[in-house]
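# Understanding the architecture of this molecule
Listed below are the residues making up each chain.
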Amino acid sequence: MKHFVLSAAFAWLAVGPWIARAQAGDDSLPATSNVRGAQNPRIHPDRSITFTLKAPDANTVQVAGGDGLGNGPFPMTKGTDGTWSVTTPPAVPGFHYYWFVLDGVSVNDPASETYFGYDKETSGIEVPEAGADFYAVKDVAHGEVRAKWYRSKTTGEWRRALVYTPPDYDRNPKLRYPVLILQHGAGENETGWTRQGRAQFILDNLIAAQRARPIIVVMDCGYATRAGTPAVAIAANTGPQDVLLAFGAFEDVIVQDLMPAIDATYRTIPDREHRAMAGLSMGGMQSLFIALRHLDKFSYIGSFSGPFVPGINTGRQPEGSTQPALFDTKTAYEGAFADPPAFNKQVKLLWLGAGTAEPPQFRAGIGAAEEALRAAGVHVVYFESPGTAHEWQTWRRDLNDFAPRLFR
C-alpha cells in the first residue's frame, strides 16, 4: 500500500488528455463511496476519475493514493471559484485509498466516506469492475456482522472482533458452524474485511449459490502488545526477532483469548477440522505464522499476498543476494513442512495467492515458496489475480476462490 511520487510536470503530461476530455463532458457518475449527496469524485466509463476540492486559499493541491489509482500524486488545477480539480488516468477496478495533499499536508476528502487504512481514517473510492458482481449486494439471504467484545489476558485490555454469521444462523438454533479467522493487512483494523473487502457480501453470494458452506467468519485487529511491554512496529524491513515479538503476542491473543471467547459465544464446531485461518498481506504472514505453529487447532490455511520473512519462516538468505530468501521446506516454519505426507494428511488446504501486478520481487518470493513446496510434495493451491497489485480487488478475488474450498 504505497504511492509513488512524480514531478508535477511529468504528472501533468500523464493526465492532461483525461482533463481535456472531462472538461468536454461525458457520462460519468458519482462514486458509490461518496458521502450522501456528494457529486464528486466522479468515475468515467473508462474508469478515469475526476477529483475536486474547494480550497480557495491553497497554493498547491494534489491527489494521491494507493497502487490502483496509478503513479501519483497528481497535481490539481485551480478554477476561478477556488475549486481544484484533476481527472486521473483509468484506475484498476476495486477499492482504493486516496487523500489530498494541500500545501504539503495530507487531508481527507470531505466528499468521501473514510476507511481505516494507513493507520488512520482515510478517504476511499470504489471503482466498479464491469461484469464482476461477486461482491455486490444482491437479492439473496444475508448474514449479519456482529461486534464481539472480549477481555484479553494477553494484552490486559478489552478488544473488539467483528463476527459474520451466515443467513440462517438465528433460524437454526441447533446448527453449529465451522469458523474462519480472517485477518486484515498492515495499517488497517478489524473493519477492513467488511468495509473495504465486502467479505460479508462475498460470503452471502457464495452461500446463496451453494458454492460455499455456511460458516462463521471472525475478524480481529491484527495488532497486539503484551501488557507492560512496548509496542513493536511491523514494516517491510522488520527483523526476525521483532516479528517474533509482535506476532507472538497476537498469536496468544488468537489462541488463548479470541478462540475461547468465540467458541463460548457462538455455535461453532470447536475442533481443528472445522477451523481455518487466512489473511491478506501482514494478515497472511500472521496466518502462516500462527496456524503452522498450531496444527492441532487449524486444518485450513490461506495467505493472500502474504510475504515470507527471511531468517524466521523461509530458511536461509543467499549470501550477498538481494533475491528472496531460499524457501527451505525442511526448516521453514520450524519444520512444519519437513514431512510432506504427514503435512498433507493433517492440513486439508494450504492456499497461497498474489496479484499479477504486485512488485516482481514480492511475487517472486511467494512463487518461490509455492514451487519449493510442490517440489517437496506438499499439496498447495496457488492463485493469481489478473491485473491487480497489492490492493483490495486482489484480496476480494482471493476470498472468492478460497472460501468455496473450505470444510468440504
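Our structure's up above, just so we're on the same page.
Bear in mind the structure is a predicted one, so any value in this text is a computation, not a measurement.

If you walk across this open sheet you meet the five strands as β1-β2-β3-β7-β6, and the pairing is antiparallel. Of all the strands in the sheet, the pair left with one neighbour each is β1 (29-30) and β6 (77-78). Sheet topology note: the β1/strand β2 (residues 42-43) ladder contains two bridges and is antiparallel. Residue pairing for β2: P30 is matched across the bridge by R42.

Checked against the element boundaries, S281 lands in the loop between β16 (275-280) and α5 (282-291). Polar side-chain contacts of S281 include one of 2.8 Å to the side chain of H390. If we skip the residues at most four places from it in the chain, S281 touches G185, F304, S305, G306, P307 and H390.

Right, let's talk about unusual backbone geometry for a bit. Across the junction of N40 and P41, the peptide omega takes the value 5 degrees, indicating a cis bond. Mapped onto the secondary structure, P41 falls in the loop between β1 and β2. Between G72 and P73 the backbone carries a cis peptide bond, its omega angle lying at 5 degrees. Position of P73 relative to the elements: it lies in the loop between β4 (61-65) and β5 (74-75).

Now for α5. Among the ten residues that make up α5, ten are buried, leaving the element largely enclosed by the rest of the structure. Looking at α5, one finds that the buried residues are M282, G283, G284, M285, Q286, S287, L288, F289, I290 and A291.

Before going further, it helps to spend a moment on the packing of aromatic side chains. When we look at a pair of aromatic rings, we describe it by the centre distance and by the angle of the planes. Under the defined criterion, the tally for this structure stands at 21 aromatic pairs. Ring centres 4.8 Å apart and planes at 55 degrees place the aromatic pair F51 and Y98 in the tilted group. Taken together, the positions of F51 in strand β3 (residues 49-54) and Y98 in strand β8 (residues 94-102) put the pair 47 residues apart, joining distant regions of the chain. Among the aromatic residues, ring-to-ring pairing joins W193, F304, W351, F383, W392, W395 and F402 into one connected group. Directly above the aromatic system of W99 lies the positively charged group of K120, at a separation of 5.8 Å from the ring centroid. Of note, R267 hangs over the ring of Y169, and the distance from its end group to the ring centre comes to 4.1 Å.

Most of helix α9 (residues 392-402) is tucked away: eleven of the eleven residues are buried. Listed as buried for α9 are W392, Q393, T394, W395, R396, R397, D398, L399, N400, D401 and F402.

What the rule picks out here adds up to 18 salt bridges. The salt bridge involving K138 is made with D133; its shortest N-O contact spans 3.3 Å. K138 sits in the partly exposed class, given a relative accessible area of 30%. Here D133 falls in the partly exposed class, since its relative accessible area comes to 40%. What emerges from the salt-bridge pattern is a single network uniting E144, R146 and D170.

Right, let's talk about the layout of surface pockets for a bit. A volume near 530 Å³ is recorded for the second largest pocket. Together, 26 residues line the second largest pocket, and A31, T32, I43, E126 and P128 are the ones closest to its centre. Every element with two or more residues in the lining of the second largest pocket is listed here: β1, α2 (192-195) and α3 (199-208).

Turning to the nonpolar core, a few remarks are in order. Formed by 51 residues in total, the largest nonpolar core has its most connected members in V218, I254, L292, F327, Y333, F337 and L350. Looking at this core, the elements with two or more residues in it are β13 (157-165), β14 (179-183), β15 (216-220), α4 (240-265), α5, α6 (332-335), β18 (349-355) and α8 (360-376). If you tally residues by element for this core, the top one is α4, at twelve residues. With residues up to four places along the chain from it excluded, the contact list for L350 reads L288, I301, F337, F343, L373, V378, H379, V380 and V381.

Next up on the list: the side chain of T50. Among the structural elements, T50 can be located in strand β3. Within the local environment of T50, its side chain forms a polar contact with the side chain of H44, the two groups lying 2.7 Å apart.

Attention shifts here to the environment of T32. Structurally, T32 can be placed in the loop between β1 and β2. Separated by ten residues in the primary sequence, T32 and R42 have C-alpha atoms spaced 9.3 Å apart.

Following the criterion strictly, the structure yields two cavities of 30 Å³ or more and no others. There is about 90 Å³ of room inside the largest cavity. As for the largest cavity, its lining consists of eleven residues, of which G66, F95, Y97, H390 and E391 are closest to the centre. With three residues, the top contributor of residues to the lining of the largest cavity is β8. Here the lining of the largest cavity is built from residues that sort into five nonpolar, four polar and two charged. When its volume is computed, the second largest cavity comes out at roughly 60 Å³. Of all elements in the fold, only β14 and α4 reach the threshold of two or more residues within the lining of the second largest cavity. It is α4 that contributes the most residues to the lining of the second largest cavity, four residues altogether. Considering only residue class, the lining of the second largest cavity consists of six nonpolar, one polar and two charged.

Procedures and definitions
- Residues numbered from 1 in each chain as written.
- Predicted model: local features only at pLDDT ≥ 70, side-chain atom pairs only at ≥ 80, totals over all residues.
- Heavy atoms only, no water.
- Pairing = 2+ DSSP bridges.
- Helix = DSSP H or I, 4+ residues; strand = E, 2+ residues; numbered from the N terminus.
- Polar contact = N/O pair within 3.5 Å; in protein donor to acceptor, adjacent residues only side chain to side chain.
- Contact = heavy atoms within 4.5 Å.
- Buried < 20%, exposed > 50% of the residue type's maximum accessible area, 1.4 Å probe, protein only.
- Phe/Tyr/Trp six-rings, centres within 6.5 Å; stacked < 30°, edge-to-face > 60°.
- Lys NZ or Arg CZ within 6 Å of the ring centre and 35° of its normal.
- Salt bridge = Lys/Arg side-chain N within 4 Å of Asp/Glu carboxyl O.
- 1 Å grid on protein atoms, 1.4 Å probe; cavity = no way out; pocket = protein on both sides within 12 Å on 5 of 7 lines; lining within 4 Å.
- Points joined across faces, edges and corners; volume = space filled by probe spheres on them.
- Core = buried A, V, L, I, M, F, W, Y, C linked by side-chain atoms within 4.5 Å.
- Nonpolar A, V, L, I, M, F, W, Y, C, P; charged D, E, K, R; others polar.

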